[in-house]
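# Observations on chain architecture
Spelled out, the chains give:
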Amino acid sequence: MIMRQGSSRVNDRIRSDIEADYPDIIIEDIAPHYSIRTFNRCVEKNTLLLSLECWNGVHPGLVSVPLREDYALPYGILTAGTVSAELEEFIRILKECLSDRAGAKCV
């Protein structure tokens, strides 16, 4: 079970890799937002679900197995439309830390 195509560039890449390398695997499209129904369906059908590490432990009938492949998801920050000076400063510092992979300024 993988989010339907077009929901995520990374998921689309994983899907393409599976289709190219393992054409016998049947991919079932699911909605781009997981719910308890998604997890229950996975358990009931005894299928695999491509998910993020943060969903580990969300359902007692599922076990999370990390992928060893080199896939990465972009992250962002959600804020209100108007932010405080402190939050602006935090975002500025975070940008510096992320652009400076050495991270010396971030410790």
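Keep in mind that what you see is a predicted model, and the values were worked out from it rather than measured. (Residues numbered from 1 in each chain as written. Predicted model: local features only at pLDDT ≥ 70, side-chain atom pairs only at ≥ 80, totals over all residues. Heavy atoms only, no water.)

In terms of nonpolar packing, the biggest core is built from seven residues, these being Met 1, Met 3, Ile 30, Tyr 34, Phe 39, Cys 42 and Leu 49. Beyond its immediate stretch of four places on either side in the chain, Tyr 34 contacts Met 3, Phe 39, Leu 49, Leu 50, Ser 51 and Trp 55. (Core = buried A, V, L, I, M, F, W, Y, C linked by side-chain atoms within 4.5 Å. Buried < 20%, exposed > 50% of the residue type's maximum accessible area, 1.4 Å probe, protein only. Contact = heavy atoms within 4.5 Å.)

Side chains that carry opposite charge are capable of pairing whenever their charged atoms lie near each other. Enumeration over the complete set of coordinates arrives at five salt bridges. A salt bridge links Glu 28 to Arg 41; its shortest N-O distance comes to 2.3 Å. With a gap of 13 residues between them, Glu 28 in the loop between α1 (9–21) and β2 (29–30) and Arg 41 in helix α2 (residues 36–45) connect regions that are remote in the sequence. For Glu 28, a relative accessible area of 21% corresponds to the partly exposed category. Taking the relative accessible area as the measure of exposure, Arg 41 reaches 26% and is therefore partly exposed. Residues Glu 28 and Lys 45 are paired through a salt bridge, measuring 2.8 Å at the closest nitrogen-oxygen approach. Pair noted here: Glu 28 is in the loop between α1 and β2 and Lys 45 is in helix α2, with a separation of 17 residues, a long-range link. Owing to a relative accessible area of 43%, Lys 45 belongs among the partly exposed residues under this scheme. Counted as one network, the salt bridges with shared partners bring together Glu 28, Arg 41 and Lys 45. (Salt bridge = Lys/Arg side-chain N within 4 Å of Asp/Glu carboxyl O. Helix = DSSP H or I, 4+ residues; strand = E, 2+ residues; numbered from the N terminus.)

Another aspect to go through is the packing of aromatic side chains. Taken as a whole, this structure holds three aromatic pairs when the rule is applied. Between the aromatic rings of Tyr 34 and Phe 39, the centroid separation amounts to 5.8 Å while the plane-to-plane angle is 70 degrees, which identifies the pairing as edge-to-face. Among the residues examined, Tyr 34 registers a relative accessible area of 16% and is labelled buried. Of the residues examined, Phe 39 reaches a relative accessible area of 3% and is grouped as buried. When the ring of Phe 39 is compared with that of Trp 55, the centres are 5.3 Å apart and the planes differ by 50 degrees; the resulting orientation is tilted. (Phe/Tyr/Trp six-rings, centres within 6.5 Å; stacked < 30°, edge-to-face > 60°.)

With respect to the secondary-structure elements, Asn 11 resides in helix α1. Residue Asn 11 is classed as buried on the basis of its relative accessible area, which comes to 9%. Every residue in contact with Asn 11, bar those within four places of it in the chain, is listed here: Ile 2, Met 3 and Leu 50.

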